[in-house]
There are 2 protein chains.
Amino acid sequence: MNNFTYHNPTELIFGRGTLEHLATKLERYGKNILLVYGGGSIKRTGLYDKIIHILRAEGCQVTELPGVEPNPRLSTVRKGIELCRTNQISLVLAVGGGSVIDAAKGIAVGAVYDGDVWDFYLRKAVPNTALPLGTVLTLAATGSEMNRSSVVTNWETQQKHGASTTFPAFSILDPEHTFSVPKDQTIYGICDILSHVFEQYFTHTTEIPLQSRIAESIMKTVIENAELVLANPEDYDARANLLYAGTMALNGTLPVGVVTDWATHAIEHAVSAIYDIPHGGGLAIIFPNWMKYVYKENVGRFVRFATEVWDVNPADKTEEEVALEGISRLEEFFIRIGAPRRLADYQIGDEHLDSMAVKGTPYGPIGNFKVLEKEDVREILRMSL
Amino acid sequence: MNNFTYHNPTELIFGRGTLEHLATKLERYGKNILLVYGGGSIKRTGLYDKIIHILRAEGCQVTELPGVEPNPRLSTVRKGIELCRTNQISLVLAVGGGSVIDAAKGIAVGAVYDGDVWDFYLRKAVPNTALPLGTVLTLAATGSEMNRSSVVTNWETQQKHGASTTFPAFSILDPEHTFSVPKDQTIYGICDILSHVFEQYFTHTTEIPLQSRIAESIMKTVIENAELVLANPEDYDARANLLYAGTMALNGTLPVGVVTDWATHAIEHAVSAIYDIPHGGGLAIIFPNWMKYVYKENVGRFVRFATEVWDVNPADKTEEEVALEGISRLEEFFIRIGAPRRLADYQIGDEHLDSMAVKGTPYGPIGNFKVLEKEDVREILRMSL
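About the criteria used
- Residues numbered from 1 in each chain as written.
- Chains lettered and ligands numbered in written order.
- Predicted model: local features only at pLDDT ≥ 70, side-chain atom pairs only at ≥ 80, totals over all residues.
- Helix = DSSP H or I, 4+ residues; strand = E, 2+ residues; numbered from the N terminus.
- Rg over C-alpha atoms; globule rule 2.2 N^0.38 Å.
- Buried ≥ 20, exposed ≤ 12 C-beta atoms within 10 Å, placed from the backbone.
- Contact = placed C-beta atoms within 7 Å.
- Pairing = 2+ DSSP bridges.
- Axes fitted to C-alpha atoms, helices over the stretch in contact; angles between N-to-C directions.
- Domains from an automatic or database assignment.
- Nonpolar A, V, L, I, M, F, W, Y, C, P; charged D, E, K, R; others polar.
- Least-squares fit on C-alpha atoms with pLDDT ≥ 70 in both.
- Core = buried A, V, L, I, M, F, W, Y, C linked by C-beta atoms within 7 Å.
- Parallel < 35°, antiparallel > 145°, perpendicular 65-115°, else oblique.
- Left-handed = near helix turned anticlockwise from the far one by under 90°.
- Expected span 1.5 Å × (residues − 1).
- Arc of directions from axis to C-beta.
- pLDDT = per-residue confidence, 0-100.

Chemist: Any chance you could explain the overall build of chain A here in plain terms?
Modeler: Scanning chain A from N- to C-terminus turns up 15 helices and eight strands. A globule of 385 residues ought to have a C-alpha radius of gyration of about 21 Å, and chain A, at 20 Å, matches this closely. Projected onto its principal axes, the C-alpha coordinates of chain A cover approximately 70 × 45 × 40 Å. By residue count, 55% of the 385 residues in chain A fall in the buried class. Contacts in chain A between residues at least 24 apart in sequence constitute 78% of all its contacts with a sequence separation of at least 6.

Chemist: Can you walk me through the sheet that holds strand β2 (residues 32-37) of chain B in this structure?
Modeler: The strands making up a sheet are joined through hydrogen bonds of the backbone, oriented either antiparallel or parallel. The strand order across the open sheet built from 12 strands is β3(A)-β2(A)-β4(A)-β5(A)-β8(A)-β1(A)-β1(B)-β8(B)-β5(B)-β4(B)-β2(B)-β3(B), with neighbouring strands paired in mixed fashion. In this open sheet, the two edge strands, each paired with only one partner strand, are β3 (61-65) of chain A together with β3 (61-65) of chain B. Recorded for the sheet is a direction-independent mean angle of 25 degrees between the axes of neighbouring strands. Sitting on the sheet, helix α5 (residues 98-110) of chain B touches β2, β4 (91-96) and β5 (133-137) of chain B, and the angle it makes with β4(B) is about 165 degrees.

Chemist: Whenever I open this one, the domain arrangement of chain A confuses me. Can you help?
Modeler: Frequently, the measure chosen for interface size is the accessible area removed from exposure when the parts meet. All names here are of chain A. The domain boundaries assigned to chain A delineate domain 1 (11-178) and domain 2 (183-383). Averaged C-alpha coordinates put domain 1 and domain 2 at centres separated by 27 Å. Across the boundary between the two partners, domain 1 contributes 21 residues, which contact 26 residues of domain 2. Contributions of two or more residues to the side of domain 1 that touches domain 2 are made by β1 (4-14), β6 (149-154) and β7 (159-164). The residue makeup of the side of domain 1 that touches domain 2, split by class, is 10 nonpolar, eight polar and three charged.

Chemist: Would you explain unusual backbone geometry in this entry?
Modeler: Negative phi is the rule for most residues except glycine; trans is the rule for most peptide bonds. Residues and elements named next belong to chain B. Unlike most non-glycine residues, Glu 207 shows phi in positive territory, near 60 degrees. Structurally, Glu 207 is set in the loop between α7 (183-201) and α8 (209-231). Classification of Glu 207 by C-beta neighbours within 10 Å gives partly exposed; the count is 17. Positive phi outside glycine occurs at Asp 276, with the angle close to 55 degrees. On the secondary structure map, Asp 276 appears in the loop between α10 (263-275) and α11 (279-294). Asp 276 gets classed as partly exposed once you count the C-beta atoms within 10 Å, which come to 14.

Chemist: Help me understand the relation of the copies chain A and chain B, please; the structure alone is not making it clear to me.
Modeler: You can overlay chain A on chain B at an RMSD of 0.0 Å; the transform is a turn of 180 degrees with a shift of 0.0 Å along its axis. Considering both components of the superposition, the chain copies are consistent with a two-fold axis. In terms of C-alpha distance to the rotation axis, chain A has A:Pro9 as its closest residue, with the C-alpha 2.2 Å off the axis. Take the interface residues of chain A: 100% of them recur as interface residues in chain B, which is what a same-surface contact looks like.

Chemist: Please clarify how the interface of chain A and chain B should be interpreted in this entry.
Modeler: Taken together, the 32 residues of chain A in the interface contact 32 residues of chain B. Elements that contribute at least two residues to the side of chain A that touches chain B include exactly β1, α8 (209-231) and α9 (236-249) of chain A. Per-class residue counts for the side of chain A that touches chain B are 15 nonpolar, 10 polar and seven charged. By the bridge criterion, seven bridges tie β1(A) to strand β1 (residues 4-14) of chain B in an arrangement that is antiparallel. For A:Asn8, the partnering residue across the bridge sits in β1(B) and is B:Asn8.

Chemist: Would you mind going over the nonpolar core with me for this structure?
Modeler: Proteins that are soluble and globular tend to have nonpolar side chains buried together. Core analysis: the largest hydrophobic core is formed by 252 residues, its most contacted members being A:Val36, A:Val92, A:Ile107, B:Val36, B:Val92 and B:Ile107. When near neighbours in sequence (up to four residues on either side) are disregarded, B:Val92 contacts B:Leu34, B:Val36, B:Ala104, B:Ile107, B:Ala108, B:Leu131 and B:Leu133.

Chemist: Looking at this model, I keep getting lost on the pairing of β7(A). Mind explaining?
Modeler: For a regular strand, the rule is simple: side chains alternate between the two faces of the sheet. Residue and element names in this part refer to chain A. Two elements, β6 and β7, share six bridges in a ladder whose sense is antiparallel. Paired with Thr 153 across the strands is Lys 160, a residue of β7. Following β6, the chain reverses through four residues before pairing antiparallel with β7; Gln 158 in that reversal takes a positive phi of roughly 50 degrees.

Chemist: I keep staring at the packing of α8(A) against α8(B) and nothing clicks. Help me out?
Modeler: Angle between the axes and distance between the axes are the two parameters that describe a pair of packed helices. Contact pair α8(A) / α8(B): the axes reach a minimum separation of 9 Å and the direction vectors enclose 155 degrees. In terms of axis orientation, α8(A) runs roughly antiparallel to α8(B). As for how α8(A) packs across α8(B), the hand of that crossing is right-handed. Mapping the contact onto sequence places A:Pro209, A:Leu210, A:Arg213, A:Ile214, A:Ser217, A:Ile218, A:Lys220, A:Thr221 and A:Glu224 in α8(A) and B:Pro209, B:Leu210, B:Arg213, B:Ile214, B:Ser217, B:Ile218, B:Lys220, B:Thr221 and B:Glu224 in α8(B). Residue composition of the contact of α8(A) with α8(B), grouped by class: eight nonpolar, four polar and six charged.

Chemist: Honestly, the packing of α8(A) against α9(A) in this entry has me stumped. Any pointers?
Modeler: All names here are of chain A. Two numbers describe how α8 lies on α9: the axes approach to 9 Å, and their chain directions differ by 145 degrees. The handedness of the crossing between α8 and α9 is left-handed. Residue-level contacts link Ile 218, Thr 221, Val 222, Asn 225, Leu 228 and Val 229 of α8 to Ala 238, Arg 239, Asn 241, Leu 242, Ala 245, Met 248 and Ala 249 of α9. Across the contact of α8 with α9, the residue classes break down as nine nonpolar, three polar and one charged.

Chemist: Teacher, can you tell me more about the environment of B:Leu34 here?
Modeler: Residue and element names in this part refer to chain B. Within the secondary structure, Leu 34 is located in strand β2. Residue Leu 34 is classed as buried on the basis of its 26 C-beta neighbours within 10 Å. Here the alpha-carbon distance between Leu 34 and Glu 224, two residues 190 residues apart in the chain, equals 38 Å. Residue contacts for Leu 34: discarding those within four places in its chain leaves Thr 63, Leu 65, Gly 80, Leu 83, Cys 84, Ile 89, Val 92, Leu 93 and Ile 107.

Chemist: Even after reading the chapter, I still don't get helix α4 (residues 74-87) of chain A, so can you show me in this structure?
Modeler: In an α-helix, one full turn covers 3.6 residues, which means residues spaced three or four apart are oriented alike. Residues and elements named next belong to chain A. A rise of 1.5 Å per residue sets the reference length of α4, with its 14 residues, at 20 Å; its end C-alpha atoms lie 20 Å apart and thus fit the reference within 8%. Listed in full, the buried residues belonging to α4 are Leu 74, Thr 76, Val 77, Gly 80, Ile 81 and Cys 84. Projection of α4 onto a plane perpendicular to its axis shows the buried side chains occupying an angular sector of 160 degrees, all on one side. On its buried face, α4 sits against β2 (32-37), β3, α5 (98-110), α6 (118-121) and β6. Immediately beyond the C-terminal end of α4, within one or two residues, lies Gln 88, with a positive phi of roughly 45 degrees.

Chemist: Which parts of the structure should I look at to understand the environment of B:Gly326?
Modeler: All names here are of chain B. Its place among the elements puts Gly 326 in helix α13 (residues 319-337). Accessibility expressed as a C-beta count within 10 Å gives 22 for Gly 326, which makes it buried. Distance in space between the C-alpha atoms of Gly 326 and Glu 308 is 9.5 Å, their sequence separation being 18 residues. Excluding residues that lie within four positions of it along the chain, Gly 326 makes contacts with Phe 302, Phe 305, Ala 306, Trp 310 and Val 312.

Chemist: Would you take a moment to explain the pairing of β2(B) for this structure?
Modeler: Residues and elements named next belong to chain B. Along β2, five of the six residues are buried, which leaves the element largely enclosed by surrounding structure. Where β2 meets β3, five bridges bridge the pair, whose relative direction is parallel. Across the sheet, Val 36 pairs through a bridge with Leu 65, a residue of β3.

Chemist: Would you mind showing me how to read the environment of B:Val222 here?
Modeler: Residues and elements named next belong to chain B. By secondary structure assignment, the location of Val 222 is in helix α8. A residue is classified by how many C-beta atoms lie within 10 Å of it, and Val 222, with 27 of them, is buried. For Val 222 and Leu 242, which are 20 residues apart along the polypeptide, the C-alpha to C-alpha distance reads 5.8 Å. Discounting chain neighbours no more than four positions away, the residues touching Val 222 are Ile 190, Ile 193, Leu 194, Leu 242 and Ala 245.

Chemist: Teacher, can you tell me more about the confidence of the model for chain A here?
Modeler: In low-pLDDT segments, the atomic positions of the prediction should not be examined closely. When the pLDDT values of chain A are averaged, the result is 96; 100% of them are 70 or greater. Of the two predicted TM-score estimates for the complex, the pTM is 0.97 and the ipTM is 0.96.

So, in structure tokens, the structure goes:
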């Protein structure tokens with residue numbers, strides 16, 4: 001195990017009807033609220049009305065920033081920062097999934113920064129203060145509700161980058177708020193959660209028995225609840241298990257003492273910076289190909305993945321066969337739940353392979369399980385066509 | 001899964017040489033330090049000198065409270081509170097195991113409270129503020145380094161009670177600081193960690209797949225590292241895995257959405273309030289007997305414990321047989337590592353059974369897996385003689 005520091009001050013408020021805690025939370029953070037949300041699904045489900053009702057009852061001034069995009073745009077973040085400054089916002093309240101929360105994080109750190117918020121994403125500056133941020137999560141996927149990461153896309157430069165920004169002060173997670181998530185978004189969320197675990201599970205770090213087991217616990221929980229949720233979108237317990245697993249997958253528990261990878265996320269960011277495809281869909285396509293490209297670096301880790309997560313029977317098989325069977329089981333799972341299989345499913349051909357390979361390695365080689373040069377990224381993308 | 005709130009702001013600083021982070025932390029919390037420690041082992045190991053060196057280099061004023069007892073005493077906590085007030089202490093720094101940290105927590109909340117600190121332990125008052133607290137942990141056991149619980153003994157009234165007090169702002173965990181822990185203390189620590197998991201694992205709450213798996217992950221990690229540590233006290237990785245497992249067992253991860261039990265801890269507190277035996281030793285004696293007394297309430301949970309944690313083969317056995325075999329395996333494990341088996345090992349006879357049964361149920365019946373009346377507690381203690 002390597003040395004580590006773990007610190008996560010987000011308060012997680014989880015369960016049926018927990019939106020009622022919002023009023024109490026508001027007392028602590030002033031009355032000028034920037035309400036950040038997406039394409040309007042929260043209006044269709046009635047969640048918007050409930051939140052406005054609570055905010056009004058608490059005497060809040062509400063400024064709205066609707067229309068945050070699925071891959072949130074820098075222009076939207078800048079608009080939010082402007083709104084914060086004009087309206088002396090005291091709390092940024094994000095209602096939605098990962099994109100909305102990521103945008104809200106950029107807004108919260110940008111609003112109290114003298115320079116341009118994009119500096120943080122270009123790693124030219126590190127935020128050291130932020131407006132308070134609260135979230136009401138509506139999608140099991142991102143983990144953004146309990147970490148300080150934010151991913152934003154600059155469409156002018158076709159760059160999609162992540163930055164360490166700010167932790168939500170509180171996040172309200174009611175599984176019922178995810179009942180109405182459409183099937184495709186539910187599938188992308190499942191792929192996203194599993195991908196987060198993969199990035200932190202495939203490592204050469206040894207002597208991490210507890211971290212490995214917790215990662216396997218999350219994967220098994222996601223796999224066994226995925227089909228339940230897809231069969232019955234209003235299965236409370238399955239939605240709750242998926243929602244909680246999504247948070248645990250990316251709240252800092254898994255990487256403690258572990259060298260993590262994150263190459264596949266960088267590759268997916270390069271793809272969706274050009275094509276604007278769903279993040280979870282891109283990950284479902286690229287991850288099995290990344291696995292096939294890198295597994296020989298540490299076959300034993302992939303054997304463990306196969307036997308512990310997918311119950312592959314290792315009898316009479318070589319280690320390599322077991323490892324590859326684990327990857328096949330993952331592919332079969334993705335097919336079974338209806339995830340995309342190839343970039344062609346999004347009408348992506350080989351036109352921009354080189355450009356994506358360049359964008360996927362913006363600061364040089366990526367990943368740790370196998371360090372990937374631009375040419376490696378190109379090959380993984382080619383395998384994914 | 002039940003509704004829950006999770007919030008744990010403690011910063012965990014883990015690994016070899018991490019004591020050097022102490023200087024940075026001190027900058028944030030002022031220069032008047034109350035240094036709280038136990039029987040002097042930190043002087044023998046040289047840890048005391050290292051810490052004093054850091055504190056002096058940072059220009060701190062150091063007030064010392066040495067001699068905190070293994071079951072920390074209310075009188076010691078009161079002494080610490082007095083020292084805080086006299087010396088305008090800005091940071092309480094606990095160096096030691098759970099007892100030292102528990103005492104320091106009582107001091108940190110008592111120092112800024114108008115009334116008597118024992119009020120918190122009698123549940124007459126709830127602390128809402130505290131002096132900042134930092135810890136340097138020297139023992140894998142307590143979990144106190146990353147939670148807000150504190151257990152203190154009032155020797156005048158022979159009462160041992162827990163209270164929710166304050167989270168450490170930071171905790172420094174260097175596995176090398178546990179190399180010199182004597183064998184018996186190492187054993188008690190192992191029993192303590194497993195007992196913490198048991199209290200949160202044996203439940204009737206359903207649909208908690210991730211919580212159950214994480215609990216099993218901790219138990220398996222403790223079991224496989226226990227004998228490694230006992231065979232080679234300076235096995236860094238085994239000490240690190242045990243230390244991290246101890247923190248995870250009691251940092252609020254396991255009970256989310258779960259009805260927990262904690263009856264066995266209440267029973268052990270009643271025993272050690274009278275006999276001053278090691279907490280971990282008492283738990284090792286009482287837990288298997290609690291299990292035998294209660295397993296019929298939910299045989300399935302004990303079957304899962306047997307098969308998942310102890311790899312009991314359920315073929316050709318009744319559920320009851322599998323459940324009992326799991327409990328037997330635990331007893332065999334405790335014997336193998338040299339834990340005490342019976343209260344008689346501490347020269348405890350049946351003289352005070354009634355008195356302990358009364359003390360074990362100070363506010364009425366205890367536990368949730370099976371609600372235990374005074375008579376039930378008496379019977380479990382009788383089985384443990």
